[in-house]
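Residue-level structural notes
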Amino acid sequence: LLFICFITFSLRINSQYCEKKENCDIDKSNYDEATNLITLNIKDAVKSYIPCKSENCSCHVNVLKRDFEPFKTGITKDMIKSLRSHGIIYQIINNKIYRQKDCNFPSRCSGVEHFIKKVLKKVKLPNMDLIINVRDYPQVYPHHGPIGPVLSFSKTKDYQDIMYPAWSFYEGGPAIKLYPTGLGRFDLLRESLKSEAEKIPWNKKKSKAFFRGSRTSDERDALVLLSRSNPELVDAQYTKNQAWKSPADTLNAEPAEEVSLEDHCKYKFLFNYRGVAASFRFKHLFLCKSLVFHVGDEWQEFFYDSLKPWVHYIPVNSKSKPEDLKILINYFKHHQDEAQEIAERGFEMIWKNLKLEDVECYWRRLLRQYGRLFKDNIKFCDIKIRPFMKCSFNLFK
Ligand code: UDP
């Protein structure tokens, strides 16, 4: 009787998955709930995936539409005035760009200006004021305070900032020992990572999960702890950042040496985690042609939406415990064909649709859309950055 009960129960679980799926072909003699669920997720996602069109940065354009939705009735000067302390004020007048004199992160501002100047060389934009937030954190939280068009590089669904491609595509990214002037020049990194991926094809990579970075979010702890208990499966260690004071900041261990992005390509499984906001690491990992595990889905950048879970990367719950991560990594150690296919698709997606020209194209579409919505006439220096301050704008040719 017990045996019959067990068989009936197993078939019921299996048919719960199968009744939703066509052509459900789970090997019932080798049933394992977690494993089969991963297999099904991949099959389902790949089957329903419709590739986007690469021309004109169209793969990312839905994000732009969504971000401008709250402003479809127009952007006004009053909105800009009410939020002027939430970013750096720029003005575009007669197709020239001006900025308030002070920028708290000069290389970030310079990374932003690189792209705006490129746009101005290509198209004629209407006059407009802009608030560009170059801090890590988004600024427009509709539950508190005013709503207005602040441009930020990253946000969650709770924020109404308009996302722009981060400065670090060109310059001003985190300055670590390996990149002392700050991570940037994505055009050059694309090439060097691709050539590294070609030097180390899949079967030459170590069958291990890898992460190197600082403890900008404790969501990273689970993988670091798994690495300490299972060093043959994972190499994940914390490095120092500028805020490091003692081993307490690296989860009670000495900080590890930094590892270049190119050297990440030696490993089959690469982990991405949020930091303070989205981490710049994500886009680079795909270029190694390794399998990317992306933890958490809250923090976005403008291009994240074009990458689909199970098609281009493995989505991982941010509350995963070390044991959960172990099951997931082991699955792909034992399903290398699937792992390699997802890694290839992830690489292709970024390689084709996240070139520096796509970044420039996104900036161009963003600024044109913004310009169409900007209602008021503006004059040079008619926004006071601080009360009683005289004109404090610089011209960038
Ligand atoms: N980074 C790196 N090698 C390292 C540590 C960090 O290439 O050994 C890069 C990493 O890819 C990221 C940046 O430096 O883009 C900052 O990493 P960190 O973990 O300190 O902060 P995050 O921005 O990810 O929160």
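Structure shown above.
Residues numbered from 1 in each chain as written. Predicted model: local features only at pLDDT ≥ 70, side-chain atom pairs only at ≥ 80, totals over all residues. Heavy atoms only, no water.

Moving on, we get to the environment of Asn56. Mapped onto the elements, Asn56 comes out in the loop between helix 2 (33-48) and helix 3 (61-68). Taking C-alpha positions, Asn56 is 9.2 Å from Arg365, a pair spaced 309 residues apart along the chain. With near-sequence residues (within four places) excluded, Asn56 lies in contact with Cys361, Arg364 and Arg365. (Helix = DSSP H or I, 4+ residues; strand = E, 2+ residues; numbered from the N terminus. Contact = heavy atoms within 4.5 Å.)

Turning our attention to the site of the ligand. The environment of the ligand is made up of 17 residues, and the closest members are Ser214, Thr216, Val259, Ser279 and Arg281. Within the side chain of Thr216, a nitrogen or oxygen atom sits 2.6 Å from an oxygen atom of the ligand. A distance of 2.7 Å separates a nitrogen atom of the ligand from a polar atom in the backbone of Val259. Protein contacts shield 94% of the accessible area of the ligand, which totals 510 Å² for the unbound molecule. Class assignment for the residues of the shell around the ligand results in 7 nonpolar, 6 polar and 4 charged. (Near = heavy atom within 4 Å. Polar contact = N/O pair within 3.5 Å; in protein donor to acceptor, adjacent residues only side chain to side chain. Areas by Shrake-Rupley, 256 points an atom, 1.4 Å probe, with all protein chains shown as cover. Nonpolar A, V, L, I, M, F, W, Y, C, P; charged D, E, K, R; others polar.)

Another point: the pairing of strand 3 (residues 128-132). In terms of burial, strand 3 is a largely internal element, 5 of the 5 residues being buried. Where strand 1 (residues 88-93) meets strand 3, 5 bridges bridge the pair, whose relative direction is antiparallel. Counterpart to Gln91 in the pairing with strand 3 is Asp129. The pairing of strand 3 with strand 4 (residues 150-152) spans 2 bridges and is parallel. Counterpart to Ile131 in the pairing with strand 4 is Val150. (Buried < 20%, exposed > 50% of the residue type's maximum accessible area, 1.4 Å probe, protein only. Pairing = 2+ DSSP bridges.)

Between helix 5 (residues 106-122) and helix 12 (residues 356-373), whose axes approach to 9 Å, the crossing angle comes to 70 degrees. Viewed along their axes, helix 5 and helix 12 adopt a mutual orientation that is roughly perpendicular. The segment helix 5 lies against helix 12, with Val112, Phe115, Ile116, Lys118, Val119 and Lys122 engaging Leu356, Val359, Glu360, Trp363, Arg364 and Leu367. Of the residues assigned to the contact of helix 5 with helix 12, the class counts are 8 nonpolar, no polar and 4 charged. (Axes fitted to C-alpha atoms, helices over the stretch in contact; angles between N-to-C directions. Parallel < 35°, antiparallel > 145°, perpendicular 65-115°, else oblique.)

In this fold, Glu262 is placed in helix 8 (residues 261-264). Residues within four places of Glu262 in sequence aside, it is in contact with Tyr179, Leu189, Ser192, Leu193 and Glu196.

Before going further, it helps to examine the nonpolar core. One recurring pattern in soluble globular proteins is that nonpolar side chains are buried together. Ile132, Tyr164, Phe169 and Trp363 are the most contacted members of the largest nonpolar core, which has 82 residues in total. If you tally residues by element for this core, the top one is helix 12, at 8 residues. Here this core spans two domains, and each of domain 1 (56-166 + 357-396) and domain 2 (180-300 + 304-353) adds at least three residues to it. The next biggest cluster of nonpolar side chains, apart from the first, holds 33 residues, and it includes Trp202, Val224, Ala236 and Val311. (Core = buried A, V, L, I, M, F, W, Y, C linked by side-chain atoms within 4.5 Å. Domains from an automatic or database assignment.)

In contact at an axis separation of 11 Å, helix 2 and helix 10 (residues 322-334) are set at 65 degrees when each is read in the N-to-C sense. As the angle between them shows, helix 2 and helix 10 are arranged roughly perpendicular. Judged by the twist between their axes, the crossing of helix 2 over helix 10 is right-handed. Between helix 2 and helix 10, the contacting residues are Ala34, Thr35, Ile38, Thr39 and Ile42 on the first element and Ile327, Leu328, Tyr331 and Phe332 on the second. The class makeup of the residues in the contact of helix 2 with helix 10 is 7 nonpolar, 2 polar and no charged. (Left-handed = near helix turned anticlockwise from the far one by under 90°.)

Applying the stated rule across the entire model yields 29 aromatic pairs. Considering the side-chain rings of Phe302 and Phe303, the 5.6 Å spacing of their centres and the 75 degrees angle between planes classify their relative orientation as edge-to-face. Note on accessibility: Phe302 and Phe303 belong to one class, buried. Residues Phe347 and Trp351 carry aromatic rings whose centres are separated by 5.8 Å and whose planes lie at 10 degrees to one another, so their mutual orientation is stacked. Here Phe347 and its partner Trp351 are both found in helix 11 (residues 336-353), 4 residues apart, which amounts to about one turn of the helix. A relative accessible area of 19% places Trp351 in the buried class. By the ring-pair criterion, three or more aromatic residues cluster together here, those being Phe169, Phe186, Phe282, Phe286, Phe302, Phe303, Tyr304, Tyr313 and Tyr362. In this structure, Lys283 is placed above the aromatic ring of Phe169, and the distance from its NZ or CZ to the ring centre is 4.8 Å. (Phe/Tyr/Trp six-rings, centres within 6.5 Å; stacked < 30°, edge-to-face > 60°. Lys NZ or Arg CZ within 6 Å of the ring centre and 35° of its normal.)

Moving on, we come to the state of the cysteines. Counted by the stated rule, this structure contains 4 disulfides. Covalently, Cys52 is tied to Cys59 through a disulfide, its sulfur atoms 2.0 Å apart. The sign of the 90 degrees torsion about the S-S bond sets the Cys52-Cys59 disulfide as right-handed. By relative accessible area, Cys52 is classed as partly exposed at 31%. On the basis of relative accessible area, Cys59 is assigned to the buried category, the value being 11%. One disulfide in the model links Cys265 with Cys288; its S-S distance is 2.1 Å. Looking down the S-S bond of the Cys265 and Cys288 bridge, the torsion is -70 degrees, so its handedness is left-handed. You can see Cys265 sitting in the loop between helix 8 and strand 8 (267-272) and its partner Cys288 sitting in the loop between helix 9 (281-286) and strand 9 (291-295), a full 23 residues away along the chain. Exposure class is identical for Cys265 and Cys288. Each is buried. (Disulfide = S-S within 2.5 Å.)

Remember, this is a structural readout, not a statement about activity or role.
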